[in-house]
Amino acid sequence: MYAPPRPPYLRFAALLAVLVLATVGGAILHPVVALAPVLGIGVVWVILKVPVKYPVLVVTWLVLAVDYVPERPQCGLWPSPLYPLGELMFAQLSYITKIGALRFPLVDVLIVGLMGLAMYRRVKGLKIDPEPLPMPRPLIAVVALSLVAILWIEVRGIARGGDIKNSLWQWHQAAMMPFIVAMYHYAMRGPEDWPAFAKTIILAGLTKSAVSTYFGMVVVHELGVEVEYTTSHSDSMTFVFALLVSTMRVIEKPKPAHMLRGLLIIALIGIGMIFNDRRLAYVSFAGCLLAAFLINPWTPLKRFVVRLAPLFAPFLIVYIAVGWNSGSSVFSPVQTIRSLIDGQGGEGNLDYRDIENLDVIATWAQFPILGTGYGHEFLEPIPLPDIAFVFPQYRFHPHNSLLGLFAFGGMLGYTGVWMYLAVTVYLVVRAYHRTDVSEYRAAALVIVGLVATYINQVFGDMGIISYICTFQISLAVAMTSKLAVHTGAWPMPHSRVLGPAPTAPVPPPGAIVYPNEEEAPTPTARPGGT
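Everything numeric in this text was worked out from a predicted model, so none of it was measured.

## As for the side chain of Ser212
Residue placement: Ser212 occurs in helix 9 (residues 194-223). Within the local environment of Ser212, its side chain forms a polar contact with the side chain of Thr230, the two groups lying 2.5 Å apart. A polar contact is formed between the side chain of Ser212 and the backbone oxygen of Gly272, at a distance of 2.9 Å. With sequence-adjacent residues up to four places away left out, Ser212 is seen in contact with Thr230, Thr231, Gly272, Phe275 and Asn276.

Set out below in structure tokens:
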């Protein structure tokens, strides 16, 4: 007689009991550790069942949406509800678990783990993940070159007596870029996956905008203090990304649905960006629009703007001239432009950033080709105010990371580390002009804007040591590779996806072969044939 199988209630109850005990035990060490058992079971399930794209989307949202603890979010005055997740993601695991050897954050484990999982599935021939489009070989080469150049700068610095403990955090995030690119490469089948990642980053931007708005309107008002920013410096790149997606989609396909959706996103993101009060965000977005304008072909919209610009130019000049010395809020855009030119110290005065830039340039001048190497502080021929009580390692991390890269790596190191940005722009612009799909063209313009925004963040706000910036530029590189191959901007004739180039048919045995087709006799009709 047939009896249906009994569900394994006892095993389920035992697993639940172990999970509860492990959660309670973890909470004794640290509140965040209580999440470890649940996360562990979730990771096992992901490894067995889920395409790698979905956990990568989750990790992307977490990196961009939770409190970015290395940059003292909300000026260190208020931890948002997402602060515990931010501490779990970005704080060293040695701080959380009390195990001294774990001197790296959880985000590194997730990056390497997801990349390794995707590679393992490909080696084993598992069909959980679809076949991704291959990366162009030049892009693979320059991404790998970036890591090699960073390691070279590190070796040179330590050989010159540098501080290895401080040197590791001068290049750590930048060195993770090739691994993040590989993670995104395996997670994305092709350009068709771009909307999912774009929506994830927009959602993260909306989350940060909500935190920024609440902190600026409620918490700051209750505390009665003035703050420099409301979330963190690097969030400017996330905000600009959301604005770019909203505007470029309309530029490439101006239809009412795109316009309404774009205006809503711009309004919600704009509020958070205004409260965060980072000048680089506005400068970056303006630069992105200019880059899109130059790359875009001569569409009716572009011709209209060019013909209209001379009419508004006189009014713009008068507006800037009148508002240059005015303190009225009507001229706040002019004051932003002036602060970028004069600095925060005012005209004729050097502020902290100006002095720091001069000191970093002086450091670079002593080692122009090879740099000082990592593990060394920049020199101070012009003394800076001592901010060691807030940031003890401030001379290892100049605010202008671009000049810092010149100082620590010299011309050789700078070129090696950043060559991938030039190749990315080259390939994505070629892809832009080789596709008629508006979504792909908009994505290409967004990527160009992301590169410009990343450079601005590195130039002005230590973007080179930010996971937020590194994740987004890595996504841009991975998406560029998909667009380049999909559109034919960089053909891959020997890849598994496109197959080898066609060859001539092999003649049967005994056939007369003429190496030169011109020497072959003219074919004639057989007797009785046609």
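Moving on from the coordinates now.
## Examining the pattern of salt bridges
Two side chains carrying opposite charge are able to pair once their charged atoms lie near each other. In total, this model carries eleven salt bridges according to the counting rule given. Ionic pairing is found between Arg189 and Asp193, a salt bridge with its closest N-O pair at 2.6 Å. Exposure remark for Arg189: the relative accessible area of 32% places this residue in the partly exposed category. A salt bridge links Glu252 to Arg441, with the nearest nitrogen and oxygen atoms 2.9 Å apart. Residue Glu252 is located in helix 10 (residues 235-252), and its partner Arg441 is located in helix 17 (residues 438-460); the two are separated by 189 residues in the primary sequence. As far as burial versus exposure is concerned, Glu252 and Arg441 are alike and both buried. A cluster of three or more residues bridged by salt bridges with shared partners is formed by Glu228, Arg278, Arg353 and Asp461.

## Details of the environment of Met177
Within the secondary structure layout, Met177 lies in helix 8 (residues 164-187). Met177 sits in the buried class, given a relative accessible area of 2%. Separated by 295 residues in the primary sequence, Met177 and Gln472 place their C-alpha atoms 9.8 Å from one another. Excluding anything up to four places from it in sequence, Met177 contacts Val143, Ser146, Tyr420, Thr470 and Ser474.

Cut-off values and rules
Residues numbered from 1 in each chain as written. Predicted model: local features only at pLDDT ≥ 70, side-chain atom pairs only at ≥ 80, totals over all residues. Heavy atoms only, no water. Helix = DSSP H or I, 4+ residues; strand = E, 2+ residues; numbered from the N terminus. Polar contact = N/O pair within 3.5 Å; in protein donor to acceptor, adjacent residues only side chain to side chain. Contact = heavy atoms within 4.5 Å. Salt bridge = Lys/Arg side-chain N within 4 Å of Asp/Glu carboxyl O. Buried < 20%, exposed > 50% of the residue type's maximum accessible area, 1.4 Å probe, protein only.

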